[in-house]
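As a plain string of letters, each chain reads:
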Amino acid sequence: MPHAGPLATLALLGLLCAAQAACAHEYAPLIRAKKYAEVDRATSIKLGAEPHNANALVARVDLILSQAQDHRYDDAVALAERCIAAHRQQSECHEALGNVLGAKAMNSGILSAMGYATRIRDAFKQAVALDPSNLDARFSLLQYYLQAPGIVGGGKDHAQELVTQTTKLHAEAAKLMQARLDLADGAFAKAEAAALSMPVLASPSLLDSHKELLISLGSKYVQDKKYTDGQRVFEALASRFADSEWGPYGLARTLQEQGKTRDAVALFEKALTIEPGAHIYYRMAQCWQALSDKSKAMAAYEKALDFKPTLNKKQRSDALDQLKSLRG
């Protein structure tokens, strides 16, 4: 989910980074609306006339990341580096580099990911230094500190220092950051109280971070088999972010984990009407398989395997195995 629950290894530290676009450019609303072809055309025209236009370069990086085009991550690194070379003092150029290196780390083995680590950290630190009001870069740097080991500059002390610095600049952002730190510390009740007490926020960056906090918190509850707590958080998510599939998806996962498979199917179907995703089809296939509906299970696994962005490697391997078994 985007990202759900605490991440176990540095190889996954790009999860939130890749999900967060460098929003301070004119193409961001189109990317948020998933009008990718329109962004592709507009930025191509802009770069044809102005090869070093910072907004267009960053938008093209965001475009690759938003579509999870992992075969183009090297191209995205080159675009971000081109942006930095032409606009060394522009925060979003450095943020874009951190985002795409984080995505590359997520796709790599642990040793390769470690090789990217300090470059990711330094890119986000530079983005924050150049523009302290760049909240996307601040949240990405926080995520780095929470996930990366101390040997590459991670650690909760660094995270707490960043939260303290942010308090002086943006109280709401600092509150969200502190809640994420509390979640990482296992102070779930404290993190939940903060998340549920926050008003609807105007900033897209804060809205994204608020949603991600609720997703992570609900997922952690479900992972720990605290299903009542998970249901409460995912219901809050569905109420506050009705345009997000993660509310019904999280509720469906809560039911699925309890063996309430048929009820879970209805919620997975609702999630698909909001925003289809490979992971939703995959979980739906598991439900139909548990309900002994072979044809529906096969159809859902096939959709999960065909959907872009794709399943993660573990889910993809399992889906292929299950499909092979179902086909006999």
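Trainee: Help me out: how do you make sense of the overall build of the chain in this one?
Mentor: Along the backbone of the chain there are 18 helices and zero strands. Here the chain has a C-alpha radius of gyration of 20 Å; the compact-globule value for 328 residues is 20 Å, and the two agree. Each principal axis of the C-alpha distribution contributes one length, and for the chain these read about 60 × 45 × 40 Å. Buried positions account for 51% of the 328 residues belonging to the chain.

Trainee: It is not clear to me how the packing of helix α16 (residues 278-290) against helix α18 (residues 313-327) should be interpreted in this structure. Could you clarify?
Mentor: The N-to-C vectors of α16 and α18 enclose an angle of 35 degrees; their axes lie 11 Å apart at closest approach. As α16 packs across α18, the resulting crossing turns out to be left-handed. Contacts between α16 and α18 involve H279, Y282, R283, Q286 and Q289 from the former and Q315, D318, A319, Q322 and L326 from the latter. When grouped by side-chain class, the residues that make up the contact of α16 with α18 number three nonpolar, five polar and two charged.

Trainee: I would appreciate a short explanation of the state of the cysteines in the present structure.
Mentor: Throughout the structure, instances matching the rule amount to one disulfide. Sulfur-sulfur distance for the disulfide between C83 and C93 comes to 2.0 Å. Highlighted residues: C83 in helix α5 (residues 73-86) and C93 in helix α6 (residues 91-106), separated in sequence by ten residues. Each member of the pair, C83 as well as C93, is classed as buried.

Trainee: Looking at this structure, how should I read the nonpolar core?
Mentor: Side chains of a nonpolar character, in soluble globular proteins, are inclined to be buried together. Formed by 101 residues in total, the largest nonpolar core has its most connected members in V61, L97, V100 and F268. If near-sequence neighbours (up to four positions away) are discounted, L97 is found in contact with V77, A80, E81, I84, R119 and A123.

Trainee: Help me understand the packing of helix α14 (residues 246-257) against α16, please; the structure alone is not making it clear to me.
Mentor: In a packed pair of helices, the relevant descriptors are the angle between the two axes and the axis-to-axis distance. Contact geometry of α14 with α16 gives a least axis separation of 11 Å together with a crossing angle of 30 degrees. Viewed along their axes, α14 and α16 adopt a mutual orientation that is roughly parallel. The way α14 lies across α16 gives a crossing that is left-handed. Along the contact surface, α14 presents W246, Y249, R253 and Q256, while α16 presents H279, I280, R283, Q286 and C287.

Trainee: Hey, could you run me through the confidence of the model for the chain in this one?
Mentor: In low-pLDDT regions, the fine details of the predicted coordinates are not to be read closely. For the chain, mean pLDDT is 90; residues scoring 70 or higher make up 91% of the total. pLDDT under 50 marks residues 1-20. Its contacts with residues more than four places away, or in other chains, come to 64 contacts.

Definitions and cut-offs
- Residues numbered from 1 in each chain as written.
- Predicted model: local features only at pLDDT ≥ 70, side-chain atom pairs only at ≥ 80, totals over all residues.
- Heavy atoms only, no water.
- Helix = DSSP H or I, 4+ residues; strand = E, 2+ residues; numbered from the N terminus.
- Rg over C-alpha atoms; globule rule 2.2 N^0.38 Å.
- Buried < 20%, exposed > 50% of the residue type's maximum accessible area, 1.4 Å probe, protein only.
- Axes fitted to C-alpha atoms, helices over the stretch in contact; angles between N-to-C directions.
- Left-handed = near helix turned anticlockwise from the far one by under 90°.
- Contact = heavy atoms within 4.5 Å.
- Nonpolar A, V, L, I, M, F, W, Y, C, P; charged D, E, K, R; others polar.
- Disulfide = S-S within 2.5 Å.
- Core = buried A, V, L, I, M, F, W, Y, C linked by side-chain atoms within 4.5 Å.
- Parallel < 35°, antiparallel > 145°, perpendicular 65-115°, else oblique.
- pLDDT = per-residue confidence, 0-100.

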